[in-house]
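# Geometric and topological summary
Letter by letter, the chains look like this.
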Amino acid sequence: MKKRIIFSFWALTFGLAFTNCSPDPLPDNVDLLQYFGSIPPATTIESPYEGIDFDIINRFKAVLHTHTRVSDGKQTADEMIKAYADRGYHILAITDHDQVYAKNTGIVNVNGRDILVIKGIELTMTHHFNSLFEDSGKPLQLNVESQINYEIKKHNSVLFLNHPGRHIWFYPMTFYFDLFNKFPAENLVGMEVINNADEYPSDKDTWHKVLTGVSPNRTVYGFANDDAHYYSEIGSSYNEYLTDNLNEAEVRNAIVHGKSFFYTNATVSRPTGSMPYVKDVIVNRATMTITVEAENYSKIEWRSCGVVVCTDEEIAINNDGYNFYKYVQFTLTGPGGQLFSQPFLIK
Ligand SMILES: [Zn+2]
Ligand SMILES: [Zn+2]
């Protein structure tokens, strides 16, 4: 009962503080001048891709949510590791329900190909979430907040919330705002936006609502994972981490700082050919613009506060009459599928 009162009070405060930018995404044909008007020009852009030289950085294909026979999967961990390595993935987190997999982890060589296997667990007592880089997950706590608190205190692990669409009837949006405002960004890093073959399509909107609620004080990185329970679920959704080398420390750092894109082929009909490919991301703070150079795509959409605000390669944050704020994020759509950027914070 007490908790409910706190939630309502917080929702009221939130509503009053952000009159121009509702956490509910508006239709695409919204009047931007009316929606974003009367906001002072932003002074800086924080890019997750800061310092990355796209000409030389390595790109590692990753799935961070996988099941095996230890819980309700059909294959063994070794079989799943081999299956992902054979298909050209570089990183795999084994995350069985409420059971840590920590046996064959680190760099594993499969038929001459290296794959980084990350130990992890999917906590499923309440709202599902993944906890990576931990050795033992028990004991289970009573609610999400105390479980997250336990994981961070005990394991200093890296956590992200799974498939919110599966839980949408039980958790109000304030639940997400509260969690992301409460826990450190280097531990609770984000949420799944694509699960399996886009099993919960509303998760894309939920991500933008959460971003609208908590940006730019902190960010919420997006994830795309097969959540495979057997071989045939492999291959639709993945992340790509941008690091110099394939090792646990650099990959953890890339996960925590959003140095990644995420992809799915499940949101385009009959996907053919290559996925969209980002060649460069250029942030210019003098002109307050972000420019994307890419290939294998036919459409680019920039979103701010859940609304599509620009469909060009270059977005100007400060315009005549209205300014975007909180965050912007771009999505590339091509014949092979969709690429999602992480959010750029606007301050
Ligand atoms: Zn789950
Ligand atoms: Zn799962």
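First, a word on what this report is: a plain description of the structure on this page. (Residues numbered from 1 in each chain as written. Chains lettered and ligands numbered in written order. Predicted model: local features only at pLDDT ≥ 70, side-chain atom pairs only at ≥ 80, totals over all residues.)

### What about the overall build of the protein?
- Helices and strands together make up the secondary structure of the protein, namely 7 helices and 20 strands.
- Residue burial in the protein is summarised as follows: out of 347 residues, 44% are buried.
- A fraction of 70% describes how many contacts in the protein between residues 6 or more apart in sequence connect residues 24 or more apart. (Helix = DSSP H or I, 4+ residues; strand = E, 2+ residues; numbered from the N terminus. Buried ≥ 20, exposed ≤ 12 C-beta atoms within 10 Å, placed from the backbone. Contact = placed C-beta atoms within 7 Å.)

### Comments concerning the packing of helix α5 (residues 173-182) against helix α6 (residues 203-214)
- The N-to-C vectors of α5 and α6 enclose an angle of 55°; their axes lie 9 Å apart at closest approach. Relative to α6, the element α5 lies oblique. Between α5 and α6 the crossing geometry is right-handed. Within the contact between the two elements, α5 uses Met 173, Tyr 176, Phe 177, Phe 180 and Asn 181 and α6 uses Lys 209, Val 210, Gly 213 and Val 214.
- Among the residues forming the contact of α5 with α6, the class breakdown is 6 nonpolar, 2 polar and 1 charged. (Axes fitted to C-alpha atoms, helices over the stretch in contact; angles between N-to-C directions. Parallel < 35°, antiparallel > 145°, perpendicular 65-115°, else oblique. Left-handed = near helix turned anticlockwise from the far one by under 90°. Nonpolar A, V, L, I, M, F, W, Y, C, P; charged D, E, K, R; others polar.)

### Remarks on the sheet that holds strand β14 (residues 289-295)
- Read from one edge of the open sheet, 3 strands run β13-β14-β17, paired in antiparallel fashion. On the outer flanks of this sheet lie β13 (277-284) and β17 (314-316), each paired with one strand and no other. If you compare each strand with its neighbour and ignore which way they point, the axes differ by 15° on average.
- Bridge count between β14 and β17: 3 bridges; the pairing is antiparallel. (Pairing = 2+ DSSP bridges.)

### A look at the nonpolar core
- One finds Ile 91, Leu 92, Ile 115, Val 210 and Ile 346 to be the most contacted residues of the largest nonpolar core, which totals 83 residues.
- The element contributing the most residues to this core is strand β6 (residues 113-123), with 6 residues.
- Residues in contact with Ile 115, not counting those within four places in the same chain, are Ile 81, Tyr 84, Ala 85, Tyr 89, His 90, Ile 91, Leu 92, Val 108 and Val 110. (Core = buried A, V, L, I, M, F, W, Y, C linked by C-beta atoms within 7 Å.)

### Remarks on the pairing of strand β11 (residues 237-243)
- Of all the 7 residues making up β11, 7 are buried; the element is thus mostly covered by neighbouring parts of the structure.
- Residues Ser 237, Asn 239, Tyr 241 and Thr 243 point to one face of β11 and Tyr 238, Glu 240 and Leu 242 to the other, with burial holding for every one of them.
- With 5 bridges connecting them, strand β2 (residues 58-63) and β11 associate as antiparallel partners. Counted as the bridge partner of Asn 58 is Thr 243 from β11.

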